[in-house]
Amino acid sequence: MDKCSRCGAEMTPGALYSPVRLSFRPQDAKFMTLSTGDVLTKAMMCRQCGHIEITGDVNKLRRLTSGPEGEGRPGE
Ligand SMILES: [Zn+2]
């Protein structure tokens, strides 16, 4: 299912550490009842060409940035 977007070979799942695990913090995150504004990332590396793909948790991002569905005015 997870194929390299560059060469189409098999991807191996993992994560990037630096020395702690990398996470993504959206600029307009709302810190309501959430314990952290960080979106964890996961990574896939191609066995063939070494291409690394980083994917974030979109559900977490949605909770951080949009709040109640519908009112999505960015900025303020
Ligand atoms: Zn590849």
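Keep in mind that what you see is a predicted model, and the values were worked out from it rather than measured.

What follows deals with the pattern of salt bridges. Per the counting criterion, the structure on display carries two salt bridges. Glu10 is the salt-bridge partner of Arg47, the closest N and O atoms lying 3.8 Å from each other. Taken together, the residues span a long stretch of sequence, with Arg47 in the loop between β3 (39-46) and β4 (52-56) and Glu10 in the segment before β1 (11-14) at a distance of 37 residues. For the salt bridge of Asp38 with Arg25, the shortest nitrogen-to-oxygen distance reads 2.7 Å.

In this fold, His51 is placed in the loop between β3 and β4. Separated by 3.4 Å, the side chains of His51 and Ser5 make a polar contact. Residues within four places of His51 in sequence aside, it is in contact with Cys4, Ser5, Arg6, Met11, Met44, Met45 and Cys46.

Here is what the cut-offs are and how they apply
Residues numbered from 1 in each chain as written. Predicted model: local features only at pLDDT ≥ 70, side-chain atom pairs only at ≥ 80, totals over all residues. Heavy atoms only, no water. Salt bridge = Lys/Arg side-chain N within 4 Å of Asp/Glu carboxyl O. Helix = DSSP H or I, 4+ residues; strand = E, 2+ residues; numbered from the N terminus. Polar contact = N/O pair within 3.5 Å; in protein donor to acceptor, adjacent residues only side chain to side chain. Contact = heavy atoms within 4.5 Å.

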